[in-house]
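Structural overview
Chain by chain, the residues:
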2 protein chains.
Amino acid sequence: MSEFIAPLEIMIEAFRRLPGVGRKSAERMAFGVLDMTPEETERFTEAILCAKRTIRPCRICGNITAAEVCPICSDAGRNKKLICVVEDSKAVISFEKIKEYGGVYHVLGGVISPRSGKGPSDLNLSTLPERITESGAEEVMIATNATVEGETTAMYVSRLIKPTGVKITRLAYGIPVGADIEYADKLTLIRAIEGRREF
Amino acid sequence: MSEFIAPLEIMIEAFRRLPGVGRKSAERMAFGVLDMTPEETERFTEAILCAKRTIRPCRICGNITAAEVCPICSDAGRNKKLICVVEDSKAVISFEKIKEYGGVYHVLGGVISPRSGKGPSDLNLSTLPERITESGAEEVMIATNATVEGETTAMYVSRLIKPTGVKITRLAYGIPVGADIEYADKLTLIRAIEGRREF
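Bear in mind that the values here come from a model prediction, so they are computed numbers and not experimental data.

**Overview of the environment of P19 of chain A**
Here P19 of chain A lies in the loop between α1 (6-16) and α2 (23-35). With relative accessibility at 31%, the residue P19 of chain A sits in the partly exposed group. Measuring from C-alpha to C-alpha, the distance between P19 of chain A and R170 of chain A comes to 29 Å, with 151 residues separating the pair along the chain. Not counting the four nearest positions on each side in its chain, P19 of chain A is found in contact with R28, M29 and G32 of chain B.

**Overview of the sheet that holds strand β4 (residues 103-107) of chain A**
All names here are of chain A. Taken in spatial order, the four strands make up an open sheet running β4-β3-β5-β6, and their pairing is parallel. Either end of the sheet is taken by a strand with one partner, and the two such strands are β4 and β6 (167-170). Recorded for the sheet is a direction-independent mean angle of 25° between the axes of neighbouring strands. Where helix α4 (residues 89-98) meets the sheet, its contacts fall on β3 (79-86), β4 and β5 (139-142), and the angle it forms with β4 comes to roughly 160°. Together, β5 and β6 form the strand contacts of helix α6 (residues 148-161), whose direction differs from that of β6 by roughly 175°.

**Considerations on the interface of chain B and chain A**
In this assembly, 45 residues from chain B lie in contact with 43 residues from chain A. Interface area for chain B against chain A, summed over the two sides, is near 4,000 Å², with a carbon-plus-sulfur share of 80%. Here chain B and chain A share zero salt bridges between them. Mapped onto the side of chain B that touches chain A, the elements with two or more residues apiece are α1 (6-16), α2 (23-35), α3 (38-54), β2 (64-65) and α4 (89-98) of chain B. A total of 11 residues in the side of chain B that touches chain A trace back to one element, the largest contributor, which is α3 of chain B.

**Description of α2 of chain A**
At 3.6 residues per turn, the α-helix brings residues three or four places apart onto the same side. The end-to-end C-alpha distance of α2 of chain A is 18 Å, a good match for the 18 Å that 13 residues give at a rise of 1.5 Å each. If you check which residues of α2 of chain A are buried, you get A26, E27, M29, A30, F31, G32, V33 and L34 of chain A. Residues of α2 of chain A that are buried sit in contact with α1 and α3 (38-54) of chain A together with α2, α3, β2 and α4 of chain B.

**A word on the packing of aromatic side chains**
Enumeration according to the criterion identifies 12 aromatic pairs over all chains in this entry. Between F44 of chain A and F15 of chain B, the aromatic rings sit 5.6 Å apart at their centres with planes inclined by 90°, giving edge-to-face as the arrangement. Of this pair, F44 of chain A sits in helix α3 while F15 of chain B sits in helix α1, which puts the two residues in different chains. By relative accessible area, F44 of chain A is classed as buried at 2%. Relative to Y105 of chain A, the ring of Y101 of chain A has its centre 5.2 Å away and its plane inclined at 50°; by these criteria the two rings are tilted. Judged by its relative accessible area of 1%, Y105 of chain A falls in the buried class. Aromatic ring contacts, followed pair by pair, group F15 and F44 of chain A together with F15 and F44 of chain B into a single cluster.

**Quick word on the pairing of β4 of chain A**
All names here are of chain A. For β4, the buried fraction is high: five of the five residues fall into the buried class. Sheet topology places β3 next to β4; five bridges connect them, and they run parallel. Bridged to C84 within β4 is Y105. For the crossover from β3 across α4 to β4, the handedness is right-handed.

**Here we look at the nonpolar core**
Formed by 46 residues in total, the largest nonpolar core has its most connected members in L8 and F15 of chain A together with L8 and F15 of chain B. Sequence-distant contacts of L8 of chain B, defined by excluding residues within four places in its chain, comprise I55 and I64 of chain A together with A30, F31 and L34 of chain B. Of all hydrophobic cores here, the second largest spans 40 residues; its members include L125, A137, A143 and V166 of chain B.

**Some details on the pattern of salt bridges**
When their charged atoms lie close together, side chains carrying opposite charge are able to pair. Summed over the entire model, instances satisfying the criterion amount to 20 salt bridges over all chains. Between E13 of chain B and R23 of chain B there is a salt bridge, with the nearest N and O atoms lying 3.0 Å from each other. Separated by 10 residues along the polypeptide, E13 of chain B in helix α1 and R23 of chain B in helix α2 bring together distant segments of the chain. Among the residues examined, E13 of chain B registers a relative accessible area of 26% and is labelled partly exposed. Note on R23 of chain B: relative accessible area 23%, which makes it partly exposed. One continuous salt-bridge network, built from bridges that share partners, spans E9, E13, R16, R23, K24 and E27 of chain A.

**Brief notes about the domain arrangement of chain A**
Domain boundaries assigned for chain A yield domain 1 (6-54) and domain 2 (57-198). When each unit is reduced to the centre of its C-alpha atoms, the spacing between domain 1 of chain A and domain 2 of chain A is 33 Å.

**Quick word on unusual backbone geometry**
All names here are of chain A. Of note, the phi angle at K99 is positive, near 55°, even though the residue is not glycine. Mapping K99 onto the fold places it in the loop between α4 and β4. Residue K99 is classed as exposed on the basis of its relative accessible area, which comes to 73%.

Conventions and cut-offs
Residues numbered from 1 in each chain as written. Chains lettered and ligands numbered in written order. Predicted model: local features only at pLDDT ≥ 70, side-chain atom pairs only at ≥ 80, totals over all residues. Heavy atoms only, no water. Helix = DSSP H or I, 4+ residues; strand = E, 2+ residues; numbered from the N terminus. Buried < 20%, exposed > 50% of the residue type's maximum accessible area, 1.4 Å probe, protein only. Contact = heavy atoms within 4.5 Å. Pairing = 2+ DSSP bridges. Axes fitted to C-alpha atoms, helices over the stretch in contact; angles between N-to-C directions. Buried area = accessible area lost by both parts, 1.4 Å probe. Salt bridge = Lys/Arg side-chain N within 4 Å of Asp/Glu carboxyl O. Expected span 1.5 Å × (residues − 1). Phe/Tyr/Trp six-rings, centres within 6.5 Å; stacked < 30°, edge-to-face > 60°. Right-handed = clockwise from strand over helix to strand, strands pointing away. Core = buried A, V, L, I, M, F, W, Y, C linked by side-chain atoms within 4.5 Å. Domains from an automatic or database assignment.

Here it is, written out as structure tokens:
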């Protein structure tokens, strides 16, 4: 039983459905809305609806964009022969933040996950082999997350694009920079040993 | 400079304006919206707009309600001779949660705060003396927060209603000084009610 009146409870539950929002935060946000003027509320929901209306996947790479082709794909200065395969647009942002990567991306929009009923056909994969061939790509760097599902997806992508003959690489696994070996988990340490390089 | 495209950035900043939401949380929420179906987004914003449209202050006590009179004021089982003056509806919810208070409320909708330019005329105060007289109230328990502004407001309310001759009490200092009633634990709140003293 909720101690809140119905429309407030519905609003709280709506906020709660957002990622990383617990009950207490959702209550605080809902009361925040009640403290807004009607105009502020209108602007708030309009910002959400407008983003939802205008943001769509880039025709080439699947990254979020407000145009048909995203700013990265339409940037003549980017190396189109190097394609980084990532799970989602958040990963693109992480790569862009470091300002060290000059290639382009291919955003899958998820991972293969039997648990959540997601198969290869649910991912942005069908156009990838053709894209590689047409662009004359020289390397595809697979940068899915270091999770079981990320690994499974990486394996699948790798097998799918092998026939194109492109060089396929995977992000290195190892000890995070600045971290203590003492606190590295077993699997990370095994991978770090496997991936060791000559000085 | 933002690494996000404009409509996404606008949505992130909209979320960030909610209480308790930092930049990182706002980004996570915005991506959560992008992961929704258009129908889910519609339902989400509609829940907010609907709450905003239907929720208004109770004609009698000023508490939030979806009707003209709130469920507490229209509950025949509540003691109308005991009025608890609180800053906002969040405080009402805190009192209701402990299920120990059987009186009614008077929600001020804020506190006197020169810092944020709020004076007595900005609060739901004008009807209080009349309400006390008309309802034949026997006691008004002032339960503003234990902050400087809450104290100032309590003093003001006390002076305002003194001419009615009603017994005026103040929550006991069971509430930790400087803290919000919203976050008080059940026992602290019960002790504070039991230990209330006359002004």
